[in-house]
Amino acid sequence: MRKRTSSNFENEKFLEYDCPFMTTLRFIGKRWKPAVLWKIKEGVVRYNQLKKVLPYISDKMLSNTISEMESDGIIKKIVFDEVPLRVEYVITEFGDSIIPVLQEMNKWGMKTKEEIKKQ
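This section reports on the structure supplied with the text. This is a predicted model, so every value here is computed, not measured.

About the thresholds
- Residues numbered from 1 in each chain as written.
- Predicted model: local features only at pLDDT ≥ 70, side-chain atom pairs only at ≥ 80, totals over all residues.
- Heavy atoms only, no water.
- Phe/Tyr/Trp six-rings, centres within 6.5 Å; stacked < 30°, edge-to-face > 60°.
- Helix = DSSP H or I, 4+ residues; strand = E, 2+ residues; numbered from the N terminus.
- Buried < 20%, exposed > 50% of the residue type's maximum accessible area, 1.4 Å probe, protein only.
- Lys NZ or Arg CZ within 6 Å of the ring centre and 35° of its normal.
- Axes fitted to C-alpha atoms, helices over the stretch in contact; angles between N-to-C directions.
- Parallel < 35°, antiparallel > 145°, perpendicular 65-115°, else oblique.
- Contact = heavy atoms within 4.5 Å.
- Nonpolar A, V, L, I, M, F, W, Y, C, P; charged D, E, K, R; others polar.
- Core = buried A, V, L, I, M, F, W, Y, C linked by side-chain atoms within 4.5 Å.
- Salt bridge = Lys/Arg side-chain N within 4 Å of Asp/Glu carboxyl O.
- 1 Å grid on protein atoms, 1.4 Å probe; cavity = no way out; pocket = protein on both sides within 12 Å on 5 of 7 lines; lining within 4 Å.
- Points joined across faces, edges and corners; volume = space filled by probe spheres on them.
- Pairing = 2+ DSSP bridges.

## A word on the packing of aromatic side chains
One pass over the structure, following the stated rule, counts one aromatic pair. On the basis of an interplanar angle of 80 degrees and a centroid distance of 5.2 Å, the ring pair of Phe27 and Phe94 is categorised as edge-to-face. Here Phe27, found in helix 2 (residues 20–28), pairs with Phe94, found in helix 6 (residues 93–96); they are 67 residues apart in sequence, far enough to count as distant. What makes Phe27 buried here is its relative accessible area of 13%. Looking at Arg86, its charged tip hangs above the ring of Phe80, at a distance of 3.7 Å from the centre.

What follows is the structure in structure tokens.
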């Protein structure tokens, strides 16, 4: 925790509250968030399905990422009262509003990868 009088505190406050770019990164800026959201946008997804399509993410990281995205209102967890328990994740309307940003980032990334290959 930073002291409220420190310049670092003021810098973080500015970046978090006054900079729209940083607001966007707050929701999609962590390593696995865009990949998880990209997969969930395709429809209802279960934990094991995510693990299968993202084989390099650890269980702990996937659980933490899902929890953060759920807390942020990007995805919604649906728990079915069945035995065995079934849990599915769906994108929320708020999460869906981030998809165009990810699509543009994907286009830019694809174009940039091609440019790098040419060098």
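Okay, back to it.
## A few points about the packing of helix 2 against helix 3 (residues 33–40)
Between helix 2 and helix 3, the shortest axis-to-axis distance is 8 Å and the interhelical angle comes to 70 degrees. Between helix 2 and helix 3, the interaxial angle falls into the category roughly perpendicular. Here Arg26, Phe27 and Ile28 of helix 2 lie close against helix 3, whose contacting residues are Lys33, Pro34 and Leu37. Class assignment of the residues belonging to the contact of helix 2 with helix 3 gives a composition of four nonpolar, no polar and two charged.

## As for the nonpolar core
By size, the foremost hydrophobic cluster in this structure holds 20 residues, and its most contacted members are Val36, Leu37, Ile40, Leu50, Ile74, Ile75 and Ile98. Counting only elements with at least two residues in this core, the list comes to helix 2, helix 3, helix 5 (59–71), strand 2 (86–91) and helix 7 (99–118).

## Re the pattern of salt bridges
Considering all chains together, one arrives at 10 salt bridges under this definition. Glu68 is the salt-bridge partner of Lys33, the closest N and O atoms lying 3.3 Å from each other. On the criterion of sequence distance, the pair formed by Lys33 in helix 3 and Glu68 in helix 5 is long-range, its members being 35 residues apart. Exposure remark for Lys33: the relative accessible area of 4% places this residue in the buried category. The shortest N-O distance in the salt bridge between Asp59 and Lys51 comes to 3.9 Å. A single salt-bridge network, built from bridges that share partners, covers Arg26, Lys30, Lys33, Glu68 and Asp72.

## So, the layout of surface pockets
Approximately 160 Å³ is the volume attributed to the largest pocket. Around the largest pocket sit Arg31, Pro34, Ala35, Trp38, Leu102, Met105 and Asn106, which together line it. Of all elements in the fold, only helix 3 and helix 7 reach the threshold of two or more residues within the lining of the largest pocket.

## Notes on the pairing of strand 2
When strand 1 (residues 75–80) meets strand 2, the two strands line up antiparallel, connected through six bridges. In the sheet register, Lys77 faces strand 2, and the bridge partner there is Tyr89.

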